[in-house]
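Notes for the structure review
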Amino acid sequence: MRNSNSNVKMLVVAALLSLLIGGAVPSARAAEGPQPPVTLRCEYLHNPVGIDVRQPRFAWVLHHTERAQVQSAYQVLVATTPELLAQNKGDAWDSGKTASDDSTQVVYNGKPLESDHSYWWKVRYWDKGGNASEYSHPASFDVGLLSVDDWKGQWIGGANQVRQEFTLAEAPRRARAYITGLGYYELHINGKKIGMNYLDPGWTTWDKRVLYTTYDVTSNLHSGANAVGVMLGQGWFKSRVMLLQLDIELAGGKHVSVTSGPAWKAKNGPIVSDSIYDGEVYDARLETPGWDLPGYKDDGWKPAESVKGPGGVLSAQMMPPIQDVDSMVPIALTNPRPGVYVYDMGQNFSGWVDLHVNGPRGAQVQLRFSELLYDTGMINRENLRGAKARDIYILRGDGEEHYHPRFTYHGFRYVEVTGYPGTPSLDSLRGHVVHTAVKTTGSFVASNPLLNQIHKIIRWSDLTNLHSVPTDCDQRDERQGWMGDAQVSSEGVMLNFDMAAFYTNFLRDMRDDLGADGTMTDTIPYLTHGRRPGDPAWGTAFPLICWYLFQQTGDRRLLEENYNGVRKYVEYLRSRAPDNVLRFSYYGDWVATELTPGAEVSDFYYYYDTLVLSKMAAALGNSPDAASYAELAGQIKDAFNKEFYDPKTGNYTTGTQTANVLPLFLNMVPAEDRGKVAGNLDNNILYLHNTHLTTGLAGLRYLMPVLTQIGRSDLAYDLATQTTYPSWGHMLANGATTVWELWQKKVGPAMNSQNHHMMGSVDAWFYEGLGGINVDLEHPGYHHIRIEPQVTRDLTSVSATVGSVRGNVTSSWSHEPGIITLQVDVPVNAAASVSVPKADEMTDITIHEGDRTVWENGHFIDGTPGVTAGKLDGKRVVFEVGSGMYNFRVTGE
Ligand code: BGC
C-alpha cells in the first residue's frame, strides 16, 4: 500500500511538473511574470478550417510565474495574412488594449468576415500589475461558406462512386474543398484520400440541417489535369448523394470553382453493400484503379444524376470529426472449430478491424463481430438483435491485401474470421478504434485500483459511444442519441474530455427537433426511435446539458441561443401539468432493480427544468422570467411534496433509493424532514440492501452526490467499490471492459448491451466528490472554483485534473495516519475556495502551505502569497486562494 501510494504521489508530482513546464512552451525565454497565452481556440476548436459563424469567439489559457494573477487587459489581433500578423498588424481586427478579465468567449468585433477566407490571430495579456506578456504564437481560422448563395454545385448521386476531372491553368495558392455526402462520403483528390475523417458528416435530422466539412486541399492540387472522386455510403440517410465545391485561388490570384453536377460521372465500385448495423461487403475485384487520378478512362461510367437535396440548411461541422483514433493488437487467437478463428481484442470498443490477407482471386473472408463468447469459444451475438455486424472481403488475388470497411462500424471485443485462405495469425488483424475524436482533458487516479478500473471502463463507454452524437450503445440495431442516457452521462463526459464544441452542436440538433408545440423527443436526431413527446427524463437533456455546459464554460451565447427553446419546452411540460404535477412517463428510472413510480421521476425533472430555466433567465439578466419561473418552481415543489411525500414515514412514493434521492438532491424535502428522509435512504442502502444500490439511470446520477451532501461520502464510497451485484465491481469481476446496460449479467437475445455509458454517470462524482473539483455555480466557467475533496475510508490518495476553459484545475490529496496533504492547481484568471479536510483521528490541527504555516491554534495565519483567508467549517478549513499551485499539509494529534 505504501508503495503504490508513493507511486501515485510521484506520478502526481511528475504531472504537475510537466504542467508547469509545458505551460510555458511558446517562448524559449524563461521570463518572470505573465507568459504568452497558450491553447488558442476559436469557437472551442484549434485552428478550425471552415467555420460559419460571423462573429466567432476566441479563448486562450494564461500562465504566470506568480500566484494570484488575473488578466487585467488583453489585445487580440486578427489579420488576413500571416505576414501582417507577424508585423503586429490586425487588419481584420485589432481589439486594442481592452480592459477585461475575459480569456474565453471573447467575441470577434472586426471587419465583416468573408466566406472562403483564412484569418490568423494572436493575443497578449496584461497581468494585474499592468505587465504585458509577449504575444502568443499565431493561430488561425478559416471561414467556410457563410451564405446559402455561396454554394454553386448541385446534389448528385446515381452510384456509390462519382468522379470529375478538371484542368488548372496554374498551381493553386489556396484551395478549399467544401463537401457533404449523405449518408457518408470519402473524398479523394489525385489518388489520395483527403483528411482523416471517417463516417463523415455528423448525423443530423436531414430535412432540418446537413453538416458540411471543409478541407484545405491546396497541396493536393496542381497546375494541369486534376481529378476528384467521391465514394458514397448510405449511413443513416439510407441513400447516397453528395454536394461538393472546390474553391481555388490560383497563383496569379484568379478564382475558380469546381462543383458537383450532372457533368460528373458515376459507377458503382467495390463496395457491394454497406449498412451501419449489418456491415460492409467489399469485392476487391470490382475496384476501379486510377478512378481518382486524372487521365482515367471512365468510358464505362454513366452521367451522375442530379438529385434533390435532403432539404436541411447547410451548416459547417464545427466539432471534432469521427476518426480512427487508435489501433489495437489482438491478445488471443483461437480456433474453436475447423476453419473458424476467433480473435480477442482484449477490449470492447467501437470501430473495425484491418484485415491482412494473401490468397486466390475471389476468395471470400467473413468477419463477424461480437461482445461475448460462448463457453465453446464461439462468438455469442444474441444481444446484437437484428444487426448482422459482419464485413465480407472478396480478394483481388494479387498478393498482400489490406482491407477495412469505410461506411459502417461495429461495437465488439471478439472477431470471428471464416474463409481465410491459409491459417491466420495474430498479425492478420488489427483493431481500429473509431469515434468522435475528442481530446482527453481530465484525469482521475485513486489509491484504490478498483476505482481506477471503474473509471477506465466508463471512459471507454463514454468515448466509444461518441459518434457525432452521444449514442446509447455501439453494437446492436440501435446506436441512437437517446437523450436520457445523454443527460446522465454528460457531466462526467465534460470532465473527462474537451466537449464544448460537441455539445454545442448537439444542443443545436435538439433545437432543430424541438416541436412547434415545445415537445422534445426521446432521441436526437429524431428519425426512427423513441417518441414525441419524449419521456421527461429524456427531454430534460435539452435544459440540463445546456446548463451543465454553461457551468463548465460560462458561455453566454449558448444560453442566448437555447433560452427560447428551453422556455418553450418548459411551457410544454407546464401544459401537461395543470395541477403542477407532471405525471406522464414511459421509462422513468430506467433499468433500476427496484421500481420508483415514473410520475415521480417525471415531476422531479419538471421541477429541475423549471429551476434551470429560471437560472438561465437570471444569468441572461431577464429578471421577470427569472422571478416567474422561480415562483413556478416553488409551486411545483409544493405539489410534488403533496403528491409523493408521506410525512408519516419520511418516504417519497415507494421509499426506494431513487424515490428519496431525487428530492434530496434538489433540496425539495421540507427542511424539517430532511434528516428523516436522509435517514431512510441510509437505512435502505445499509440494511435493506446490505450496502448495495438499487437505482436505475435517473436515481444513480444523484445517489453519490446526495450521500456526499448528507455527510455520508463513506457510504457513497462503499457503494462505488462494492464488488457484488449490483455494482461496477460485479461487472468487472465478470470481465467487463466497458459499462453494461444492465446491472444484471445477461448474455441472451434481449436488451443487454455490454457497452452502455448511462451507468457510468458516477464518474462525475469521482472528480467532484472524491477529487473535489467543483464549479462554483455562482461563477461559471471555473472563474471561481470550489475544491472540496472527500477523504474517506481506506483511500490514501486521489489525484484529479480537469482541463477547464481557463486551464488545468488539479486537486491531489494523500492521507497517511496523522497527515493529509492537498496539492491544488488553480489557473490564472481563476480563484478557489480550497476546503482542506482533517481526518477523524486529528484534533489539534496545524496546516502548512509549502514551508509557511497558514492555520494554527484554530486561527488563520496571514502572509502566505496567494492565500487570502481561512476559516473553520465543521471538519474542514476553507482557504481562499488565487491562481497558482499550493501544497497544503495538515497535521494533527
Ligand atoms: C436504449 C436506452 C434508452 C432506452 C429508452 C433502450 O433501447 O438502449 O439506453 O434510453 O431504450 O428506454
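This report concerns the structure included in the present document.

Rules and cut-offs
- Residues numbered from 1 in each chain as written.
- Predicted model: local features only at pLDDT ≥ 70, side-chain atom pairs only at ≥ 80, totals over all residues.
- Heavy atoms only, no water.
- Helix = DSSP H or I, 4+ residues; strand = E, 2+ residues; numbered from the N terminus.
- Rg over C-alpha atoms; globule rule 2.2 N^0.38 Å.
- Buried < 20%, exposed > 50% of the residue type's maximum accessible area, 1.4 Å probe, protein only.
- Contact = heavy atoms within 4.5 Å.
- Areas by Shrake-Rupley, 256 points an atom, 1.4 Å probe, with all protein chains shown as cover.
- Lys, Arg positive; Asp, Glu negative; His and termini not counted.
- Charge placed at Lys NZ, Arg CZ, Asp CG, Glu CD.
- Axes fitted to C-alpha atoms, helices over the stretch in contact; angles between N-to-C directions.
- Parallel < 35°, antiparallel > 145°, perpendicular 65-115°, else oblique.
- Left-handed = near helix turned anticlockwise from the far one by under 90°.
- Nonpolar A, V, L, I, M, F, W, Y, C, P; charged D, E, K, R; others polar.
- Phe/Tyr/Trp six-rings, centres within 6.5 Å; stacked < 30°, edge-to-face > 60°.
- Lys NZ or Arg CZ within 6 Å of the ring centre and 35° of its normal.
- Near = heavy atom within 4 Å.
- Polar contact = N/O pair within 3.5 Å; in protein donor to acceptor, adjacent residues only side chain to side chain.
- Pairing = 2+ DSSP bridges.
- Core = buried A, V, L, I, M, F, W, Y, C linked by side-chain atoms within 4.5 Å.
- Expected span 1.5 Å × (residues − 1).
- Arc of directions from axis to C-beta.

1. Details of the overall build of the chain
In terms of helices and strands, the chain carries 16 helices and 49 strands. Since a compact globule built from 893 residues should have a radius of gyration of about 29 Å, the 29 Å found for the chain is in line with a globular shape. Expressed as lengths along the three principal axes of its C-alpha atoms, the size of the chain is roughly 90 × 70 × 60 Å. Across the 893 residues of the chain, 63% fall into the buried class. In the chain, 74% of the contacts between residues at least 6 apart in sequence involve partners at least 24 apart. Summed over its atoms, the accessible surface of the chain is roughly 31700 Å², and 51% of this surface lies on carbon and sulfur atoms. If you average the places of the 77 positive and of the 99 negative side-chain charges in the chain, the two averages end up 3 Å apart.

2. Description of the packing of helix α4 (residues 483–496) against helix α13 (residues 697–709)
In contact at an axis separation of 10 Å, α4 and α13 are set at 15° when each is read in the N-to-C sense. Taken together, the axis directions place α4 and α13 in an arrangement best described as roughly parallel. Both α4 and α13 take part in a crossing whose hand is left-handed. In this structure, α4 uses Gly-484, Asp-485, Gln-487, Val-488 and Glu-491 to contact α13, whose residues at the interface are Leu-697, Arg-701 and Tyr-702. Of the residues contributing to the contact of α4 with α13, the split by class is three nonpolar, two polar and three charged.

3. Structural notes on the packing of aromatic side chains
Under the counting rule described, the total for this entry stands at 48 aromatic pairs. A ring pair is formed by Phe-444 and Phe-766, whose centres lie 5.1 Å apart and whose planes are at 25°; its orientation type is stacked. One end of the pair, Phe-444, is in strand β35 (residues 443–446); the other, Phe-766, is in helix α16 (residues 763–771), with 322 residues separating them in the sequence. Note on accessibility: Phe-444 and Phe-766 belong to one class, buried. One aromatic cluster is present, built from ring pairs that chain together Phe-58, Trp-60, Tyr-74, Trp-93, Tyr-108, Tyr-119, Trp-121 and Phe-141. Sitting over the face of the ring of Tyr-198, Lys-193 holds its NZ or CZ atom 4.4 Å from the ring centroid. Here the basic side chain of Arg-479 rests over the ring of Tyr-409, its NZ or CZ set 5.0 Å away from the ring centre.

4. Some remarks on the site of the ligand
As a structural note, the neighbourhood of the ligand is formed by Asp-472, Arg-476, Glu-478, Trp-482, Asp-485, Trp-538, Tyr-587, Trp-590, Glu-741, His-756 and Met-758. Within the side chain of Asp-472, one N or O atom sits 2.6 Å away from an oxygen atom of the ligand. Contact with the protein chains removes 95% of the 310 Å² of surface that the ligand exposes when unbound. In terms of residue class, the shell around the ligand is built from five nonpolar, one polar and five charged.

5. Observations concerning the sheet that holds strand β49 (residues 884–892)
Taken in spatial order, the eight strands line up as β35-β40-β41-β42-β49-β44-β45-β46 in an open sheet, and their pairing is antiparallel. Edge strands, defined here as strands with exactly one partner in the open sheet, are β35 and β46 (859–860). Direction of pairing for strand β44 (residues 845–849) relative to strand β45 (residues 852–856): antiparallel, over a ladder of three bridges. Each residue of the ladder has a partner; that of His-848, found in β45, is Thr-853. Across the sheet, α16 touches β35, β40 (797–804) and β41 (807–816), and the angle it forms with β40 is around 115°.

6. Regarding unusual backbone geometry
The residue after Ile-524, namely Pro-525, is reached through a cis peptide bond having omega -5°. In this model, Arg-532 is joined to Pro-533 through a cis peptide bond whose omega is -5°. Tracing the sequence through the fold places Pro-533 in the loop between α5 (500–513) and α6 (536–539). The phi dihedral of Ala-389 falls on the positive side, at around 40°, and the residue is not glycine. Its place among the elements puts Ala-389 in the loop between β30 (379–380) and β31 (390–394). Exposure remark for Ala-389: the relative accessible area of 3% places this residue in the buried category.

7. Details of the nonpolar core
Core analysis: the biggest nonpolar cluster contains 236 residues, and Trp-121 and Trp-728 have the highest contact counts within it. With twelve residues, the top contributor of residues to this core is helix α9 (residues 598–619). Ranked by size, the runner-up nonpolar core spans 27 residues in total, among them Tyr-185, Leu-232, Met-242 and Ile-248.

8. Here's the deal with the packing of helix α8 (residues 556–575) against helix α10 (residues 623–644)
Remark: α8 packs on α10, axes separated minimally by 13 Å, with the N-to-C direction vectors making an angle of 30°. Our classification of the angle between α8 and α10 gives roughly parallel. Viewed along their axes, α8 and α10 form a crossing whose handedness is left-handed. Seen from α8, the contacting residues are Tyr-563, Arg-567, Val-570, Glu-571 and Arg-574; seen from α10, they are Asp-625, Tyr-629 and Leu-632. Residues that form the contact of α8 with α10 fall into these classes: four nonpolar, no polar and four charged.

9. Let's talk about helix α12 (residues 674–688)
If you check α12, its first and last C-alpha atoms are 20 Å apart, about what 15 residues at 1.5 Å a residue would give, namely 21 Å. For α12, the complete set of buried residues consists of Val-677, Ala-678, Leu-681, Asp-682, Asn-684 and Ile-685. Axial view of α12: buried residues confined to an arc of 155°, hence all on one face. Away from the buried face of α12 by more than 90 degrees, exposed residues Gly-675, Tyr-687 and Leu-688 are located.

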